[in-house]
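Chain and residue survey
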Amino acid sequence: MKQRQSVALKAVTQVTQAMRVTRLDSIRSRILALAVLGTLLPAGITLGVAYLQNRRAIETKITSDLISVSTQAARAASVWLKEQTYVLRVFAGSQEVMGNLGRYATQGLMSPRLREYLRSLHEKYPDFEQVMVLDARGQVLATSAQQVTPVTLPDEWQRTLRQRGRVVGNAYWDEKSGMRKVILAVPVQRADGQLMGAFAADVNLAPLNALLREFAPDSGRGGAYLVSDSGTVITSAYAVLPHGLESMLMRDTLQDLQKADSTAASYISFTGADAIGSLEPVPEAPWAVLSDMTSEYAFEQVRRFRSFAIAVVFLLLLVVAVVAHRLGVIIVRPLERLARTASQVGMGGLDVQLPAEGAGEVGALARVFNHMIAQLRESRQELAGANDRLREKNEVL
């Protein structure tokens, strides 16, 4: 009898301990696992989809903004260049310039008044650092400057003058004035179209700096650059240092930006940071406008949303874990009382009774268990009565 009670007590004790250990084979751990999975999966999927949609929307907005900035800045640069070209064409068509070039072509002589005329033009238009009259070979015949310095024009500049009506030279840094400049020239032609020479100006690019600054984002977020066809930086919205002219895009990067038509491309910016940029050619000019934005700033909102999503998931897990643990305690505690009571019954103690609380499954189980104990108690009493009667008969015999 004692051995049977010991085995029963051991079994009940093992069951009780198993309930208290947080494992998947316990009711409490299963409730917790199901609650966590039921929360984590929907929340993770919902936040993941929201994150992807948010990132896609931000990328679309960034691309649209960069394309808008580069397109508008390129058009503004084209308008500015056309204005300078128009002024030069007006000067080139003056009788003073055409008459002197015609005289130089036939007699090899220039009027001294031409230099005074050029100086007066320079005073009226200070954006022109100097204005010059060139012959058909590109040599300076007269200039508004104190000294005559040779100018460098692109290859096949005569052909470009005839076909496009203007020549835009390579930008350079003037150490004396501390400014970026470019040579702009328009043709001087006879009535029959023959090229007599060119009227050129040394144009200051400072107005383009101000123009780019109007369209460029804040310098901390990105910038706008005017680059040549080869990718060399001509000028920018904020940087005005001479070494800026030595900066240039790598060939692969330039090709990627050129291929990214009506969209933006990722690349390494001039500052060495990861950036997203859009390249837009300047109409009828060997230039292009590059508008970019640092990736750190561009995706700052995405990173904030990701951090918020992770915090929400952890908060949900914490709340669900607490609720699931509390629910597990509510469910497991009556079962633990049932196990202890069953242990006492197994050891022969029938003077116990479970509190039959509630109308649920646990309450029904407690009532059934109490009914079973009551029947065992009656059976024991009947058995004890039968034993007493048998003992009395044995005594009589």
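Computed from a predicted model, the values in this text were never measured in an experiment. (Residues numbered from 1 in each chain as written. Predicted model: local features only at pLDDT ≥ 70, side-chain atom pairs only at ≥ 80, totals over all residues. Heavy atoms only, no water.)

1. Overview of the overall build of the protein chain
Let me state the cut-off plainly: Elements are defined by DSSP. Helices are runs of H or I of four residues or more, strands are runs of E of two residues or more, and each kind is numbered from the N terminus. Contacts are assigned to residue pairs that have any heavy atoms within 4.5 Å of one another. To measure how exposed things are, a 1.4 Å probe is used in the Shrake-Rupley method; for residues, cover is taken only from the protein chains shown.
A tally of regular secondary structure across the protein chain gives 10 helices and 11 strands. Long-range pairs, those at least 24 residues apart, make up 55% of the contacts in the protein chain with a sequence separation of at least 6. About 23,500 Å² of surface is accessible on the protein chain, with carbon and sulfur atoms providing 56% of the total.

2. Thoughts on the environment of Ala-321
Heads up, the condition is: Buried residues are those whose accessible area, probed at 1.4 Å on protein chains only, stays under 20% of the maximum for their type, while exposed residues exceed 50% and partly exposed ones sit between those limits.
Among the structural elements, Ala-321 can be located in helix H9 (residues 300-346). Relative accessible area serves as the criterion here: at 26%, Ala-321 is assigned to the partly exposed category. Taking the C-alpha atoms as reference points, Ala-321 and Thr-39, 282 residues apart in sequence, are found 9.9 Å from one another.

3. Looking at the confidence of the model for the protein chain
Selection criterion: Summary of the metric used: pLDDT quantifies the predictor's per-residue confidence within the range 0 to 100.
Summarising the model, the protein chain shows a mean pLDDT of 77, and 83% of its residues fall at 70 or more. Ranking the elements of the protein chain by mean pLDDT puts helix H1 (residues 2-20) last, at 48, and strand S3 (residues 167-168) first, at 90. Across residues 18-23 the pLDDT falls below 50, and counting only partners more than four positions away or on other chains, this stretch makes 12 contacts in the model. In this model residues 240-245 is a low-confidence stretch, pLDDT under 50, and it forms 15 contacts with partners more than four residues away in sequence or in other chains.

4. What about the pattern of salt bridges?
Put simply, the rule is: Think of a salt bridge as a Lys or Arg side-chain nitrogen and an Asp or Glu carboxyl oxygen that are within 4 Å of each other.
Per the counting criterion, the structure on display carries 6 salt bridges. As a salt-bridge pair, Arg-137 and Asp-135 come within 3.6 Å of each other at their nearest N and O atoms. Residue classification places Arg-137 among the exposed positions, given a relative accessible area of 59%. Residue classification places Asp-135 among the buried positions, given a relative accessible area of 4%. The salt bridge involving Arg-159 is made with Glu-156; its shortest N-O contact spans 3.7 Å.

5. Examining the side chain of Arg-180
Quick reminder of the rule: Definition of a polar contact: a pair of N or O atoms within 3.5 Å, with one able to donate and the other able to accept a hydrogen when the atoms are protein atoms, and with sequence-neighbouring residues admitted only if both atoms are side-chain atoms.
Along the chain, Arg-180 turns up in strand S5 (residues 179-189). Assessed through its relative accessible area of 5%, Arg-180 is described here as buried. A polar contact is formed between the side chain of Arg-180 and the backbone oxygen of Ile-234, at a distance of 3.0 Å.

6. Details of the sheet that holds strand S7 (residues 222-228)
To be explicit about the condition: Strand pairing follows a simple DSSP-based rule, namely that at least 2 bridges must link the two strands. In this description, a line fitted to the C-alpha atoms serves as the axis of each element, helices being fitted only across the stretch in contact, and the angle between N-to-C directions of two axes falls anywhere from 0 to 180 degrees.
The strand order S8-S7-S11-S10-S9 describes an open sheet built from 5 strands, whose pairing is antiparallel. Because the sheet does not close on itself, it has two edges, and the strands there are strand S8 (233-236) and strand S9 (265-268). Across the sheet, the mean angle from the axis of one strand to that of its neighbour is 35°, orientation sign disregarded. One ladder, built from 7 bridges, connects strand S10 (residues 274-281) with strand S11 (residues 287-294); its direction is antiparallel. The residue of S11 that forms the bridge with Ser-278 is Ser-291. Helix H6 (residues 206-215) rests against S7, S8 and S11 of the sheet, and its axis sits at about 65° to S8.

7. Looking at helix H4 (residues 113-124)
This is how it is decided: One less than the number of residues in a helix, times 1.5 Å, gives the span that helix is expected to have. It is the directions from the helix axis to the C-beta atoms whose arc is reported.
Taking 1.5 Å of rise per residue, 12 residues should cover 16 Å, and H4 covers 17 Å from first to last C-alpha, within 8% of that figure. Of the residues making up H4, those classed as buried are Leu-114, Leu-118 and Leu-121. Along the axis of H4, the buried residues cluster in a sector spanning 60°; they form a single face. The exposed residues of H4 that point more than 90 degrees off its buried face are Arg-113 and Glu-123.

8. Structural notes on the pairing of S9
Of the two faces of S9, only the one carrying Ala-265 and Tyr-267 is buried; Ser-266 and Ile-268 on the other face are not. Sheet topology note: the S9/S10 ladder contains 4 bridges and is antiparallel. Each residue of the ladder has a partner; that of Ile-268, found in S10, is Asp-274. Adjacent in sequence and paired antiparallel, S9 and S10 are bridged by 5 residues, among which Gly-272 carries a positive phi angle near 90°.

9. Re the packing of aromatic side chains
To be explicit about the condition: Aromatic rings from Phe, Tyr and Trp, taking only the six-membered ring of Trp, are treated as a pair when their centres fall within 6.5 Å; an angle between ring planes under 30 degrees marks them as stacked, one over 60 as edge-to-face, and anything in between as tilted.
Applying the stated rule across the entire model yields 3 aromatic pairs. Plain terms: the ring middles of Phe-91 and Phe-199 are 6.0 Å apart, the flat faces sit at 65° to each other, and that makes the pair edge-to-face. Of this pair, Phe-91 sits in helix H2 (residues 27-92) while Phe-199 is found in strand S6 (residues 195-204), placing the two residues 108 residues apart along the sequence. An identical accessibility class is assigned to Phe-91 and Phe-199; each is buried. By the ring-pair criterion, three or more aromatic residues cluster together here, those being Phe-91, Tyr-125, Phe-128 and Phe-199.

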